[in-house]
Amino acid sequence: MKVAVIKYNAGNVQSVLYALERLGADAELTDDPEKIRSADKVIFPGQGEASSAMTYLKARHLDQLIRDIKQPFLGVCLGLQLLCEHSEENDTDCLGIFPVKVKRFIPENSQEFKVPHIGWNELENLAENALLKDLPDPKFLYYVHSYYAELSEVTIATTHYIHDFTAILHRDNYWAIQAHPEKSSTVGEKLLSNFLSI
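Residues numbered from 1 in each chain as written. Predicted model: local features only at pLDDT ≥ 70, side-chain atom pairs only at ≥ 80, totals over all residues. Heavy atoms only, no water.

Rule in force here: UniProt positions are given in the numbering used here, feature names are shortened, and annotations may be inferred rather than shown by experiment.
The name recorded for the protein in an unreviewed UniProt entry is Imidazole glycerol phosphate synthase subunit HisH, from Algoriphagus kandeliae. As its UniProt record puts it under Pathway (unreviewed entry), the protein is described as follows: "Amino-acid biosynthesis; L-histidine biosynthesis; L-histidine from 5-phospho-alpha-D-ribose 1-diphosphate: step 5/9." What UniProt records for the protein under Subcellular location (unreviewed entry) is the sentence "Cytoplasm".

In structure tokens:
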């Protein structure tokens, strides 16, 4: 199975490649449109800033390529946010795959809640979905982010920090995870394994 990991100006890609390698996937980091189109699965990871990431994607016509993908596609962390309609981060119009807005965390109590949100949070309100099949308990994932996707009709799992927000999205052949599955022990590994099996 060939997995294309989309290369763009966002960090934290190497750990995703290592996680896929551990699962036996033939993963390649690439921004070559033909390699992305011909892959069995596509993963869109990353940490970084929304507007500069969108500028990079548009300059290489990867924005339209991502919208046209027909095979299973997984966004991770910044990848989830870029698949949404709009981000408050520098007032950025994003890819619009998910009809969801991305907002900045506003701490209600700065002593208790810090931004960015860094740490382990449990998945809640899981829908019946192939990506979520047979996840081990307890279902904790590791997060590092200052922005979050609002709850929506395409939310298939939630978590809580300051308030409830979207942990995982699904629409058609697109899935997206706000947390870092590659840094989330057995639960994260099972999510990636489930995606590779879709």
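## Examining the sheet that holds strand β13 (residues 174–177)
Applied cut-off: Note on pairing: two strands pair once DSSP finds at least 2 bridges between them. In DSSP terms, a helix is any run of H or I states spanning at least four residues, a strand is any run of E spanning at least two, and both are numbered starting from the N terminus. Between N-to-C directions, angles span 0 to 180 degrees; the directions come from axes that are lines fitted to C-alpha atoms, helices contributing only their stretch in contact. Two residues form a contact once any of their heavy atoms are found within 4.5 Å.
With mixed pairing, seven strands are arranged side by side in an open sheet as β2-β1-β3-β4-β13-β12-β11. Since the sheet does not close on itself, it has two edges, and those belong to β2 (26–30) and β11 (155–161), each with one partner. Direction aside, neighbouring strands of the sheet carry axes that sit 25° apart on average. Sheet analysis places strand β3 (residues 41–44) next to strand β4 (residues 73–76), joined by three bridges and oriented parallel. Paired with Val42 across the strands is Phe73, a residue of β4. Contacts between helix α1 (residues 14–22) and the sheet are confined to β1 (2–6), β2 and β3, with β2 contributing the most and set at about 160° to the helix.

## Regarding the pairing of β13
The condition is simple: Residue burial is assigned from relative accessible area. The probe radius is 1.4 Å, only protein chains are included, and a residue is buried under 20% of its type maximum, exposed over 50%, and partly exposed in between.
Here β13 shows two buried faces, one formed by Tyr174 and Ala176 and the other by Trp175 and Ile177. In this structure, β4 lies alongside β13, joined through four bridges in parallel fashion. The residue bridging Phe73 from the neighbouring strand is Tyr174, located in β13. Pairing analysis gives four bridges linking strand β12 (residues 163–171) to β13, with the strands arranged antiparallel. By the bridge assignment, Leu169 is partnered in β13 with Ala176.

## As for the packing of aromatic side chains
Geometrically, a pair of aromatic rings is defined through the distance of the ring centres and the angle of the planes. Just so we agree on the cut-off: Two rings from Phe, Tyr or Trp (for Trp, the six-membered ring) form a pair when their centres are within 6.5 Å of each other. A pair whose planes differ by under 30 degrees is stacked, one over 60 is edge-to-face, and the rest are tilted.
Across all of its chains, the model carries 11 aromatic pairs by this definition. Ring geometry for Phe44 versus Phe73: centroids 5.9 Å apart, planes at 55°, classification tilted. In this pair, Phe44 sits in strand β3 while Phe73 sits in strand β4, placing the two residues 29 residues apart along the sequence. For Phe44, a relative accessible area of 0% corresponds to the buried category. Look at Phe73 and you get buried, because its relative accessible area is 0%. Judged by centre distance (5.3 Å) and plane angle (80°), the rings of Phe105 and Phe165 are edge-to-face. Taken together, the residues span a long stretch of sequence, with Phe105 in the loop between β7 (98–104) and β8 (117–122) and Phe165 in strand β12 at a distance of 60 residues. Of the two residues, Phe105 and Phe165, both sit in the buried class.

## Focus on unusual backbone geometry
Between Val115 and Pro116 the backbone carries a cis peptide bond, its omega angle lying at 10°. In this structure, Pro116 sits in the loop between β7 and β8. The omega angle of the peptide bond from Asp137 to Pro138 is -10°, so this bond is cis rather than trans. Note on placement: Pro138 falls in the loop between β8 and β9 (140–145). The backbone of His61 shows a phi angle near 60°, a positive value even though the residue is not glycine.

## Points about helix α6 (residues 185–197)
How we decide: Expected span, for any helix, means 1.5 Å times one less than how many residues it has.
Here α6 is 13 residues long and its end C-alpha atoms lie 19 Å apart, about the 18 Å a rise of 1.5 Å per residue gives. Looking at α6, one finds that the buried residues are Val187, Gly188, Leu191, Leu192, Asn194, Phe195 and Leu196.

## Focus on the UniProt feature "active site" (unreviewed entry) in the protein
The condition is simple: Definitions used throughout: a 1 Å grid over protein atoms alone; a cavity as a set of points that fits a 1.4 Å probe which cannot get out; a pocket as an open set with protein on both sides within 12 Å along at least five of seven lines; a lining residue as one with an atom within 4 Å of a point.
Per the UniProt record, "active site" (unreviewed entry) is annotated on Cys77, His180 and Glu182. Taken together, the annotated residues stretch across 106 residues yet fold into one region, lying no more than 10.8 Å apart by C-alpha. As for the annotated residues named above, the ones lining the largest pocket are Cys77. Along the chain, Cys77 falls in the loop between β4 and α5 (78–82). Look at Cys77 and you get buried, because its relative accessible area is 4%. Once residues lying within four places of it in the same chain are set aside, the contact partners of Cys77 are Gly46, Gln47, Val144, Ile177, Gln178, Ala179 and His180.

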